[in-house]
Amino acid sequence: MAARSVPFLPATELTVQTAGSVAGKTLLLPLGAPGPSYAHLQDWLTEKRKAKATVKDISQQVLVKGIKQWAVFEEKRAGATVRTVFKIT
């Protein structure tokens, strides 16, 4: 799981598209309607822990356009790398 502390704030999952890089960070653009919301981001992490999934917090390596506070997690699933992006509200 993530090494740094995760905020206990409401979070909404976003669908994003990679749009290049800015200042050495990957730029992500939100697309479409927001996905599921969680009372706390920790709820999503707890689901992953129960499913024995290993996720890595990569929030410091990306920028999400138009969002002031976000969290991004990366996991390996079926041989592919999957990023899950949350808007922290």
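Not measured: the values here are computed from a predicted model.

## Describing the packing of aromatic side chains
Aromatic rings in a pair are described by how distant their centres are and how their planes are angled relative to each other. Summed over the entire model, instances satisfying the criterion amount to four aromatic pairs. Relative to Phe 86, the ring of Tyr 38 has its centre 6.0 Å away and its plane inclined at 75°; by these criteria the two rings are edge-to-face. Of this pair, Tyr 38 sits in strand E3 (residues 37-38) while Phe 86 sits in strand E7 (residues 80-88), and the two are 48 residues apart along the sequence. As far as burial versus exposure is concerned, Tyr 38 and Phe 86 are alike and both buried. Taken together, the ring pairs connect Tyr 38, Trp 44, Phe 73 and Phe 86 into an aromatic cluster.

## Comments concerning the pattern of salt bridges
This model, assessed by the stated rule, comprises three salt bridges. As a salt-bridge pair, Glu 75 and Lys 48 come within 3.1 Å of each other at their nearest N and O atoms. With Glu 75 in strand E6 (residues 70-77) and Lys 48 in helix H1 (residues 41-50), the pair connects residues that are 27 residues apart, well separated along the chain. For the pair Glu 75 and Lys 48, one class covers both residues: buried. Here Glu 75 ties to Arg 77 by a salt bridge, and the two come within 3.0 Å at their closest N and O atoms. Look at Glu 75 and you get buried, because its relative accessible area is 4%. Among the charged side chains, a network of salt bridges with common partners joins Lys 48, Glu 75 and Arg 77.

## As for the pairing of E6
Side-chain direction in a regular strand flips from residue to residue, so the side chains alternate between the two faces of the sheet. With three bridges joining them, strand E4 (residues 55-57) and E6 adopt antiparallel strand pairing. Of the residues in E6, the one forming a bridge with Asp 57 is Phe 73. By the bridge criterion, eight bridges tie E6 to E7 in an arrangement that is antiparallel. Following the sheet pairing, Ala 71 is matched in E7 by Phe 86.

Reading guide: rules and limits
- Residues numbered from 1 in each chain as written.
- Predicted model: local features only at pLDDT ≥ 70, side-chain atom pairs only at ≥ 80, totals over all residues.
- Heavy atoms only, no water.
- Phe/Tyr/Trp six-rings, centres within 6.5 Å; stacked < 30°, edge-to-face > 60°.
- Helix = DSSP H or I, 4+ residues; strand = E, 2+ residues; numbered from the N terminus.
- Buried < 20%, exposed > 50% of the residue type's maximum accessible area, 1.4 Å probe, protein only.
- Salt bridge = Lys/Arg side-chain N within 4 Å of Asp/Glu carboxyl O.
- Pairing = 2+ DSSP bridges.

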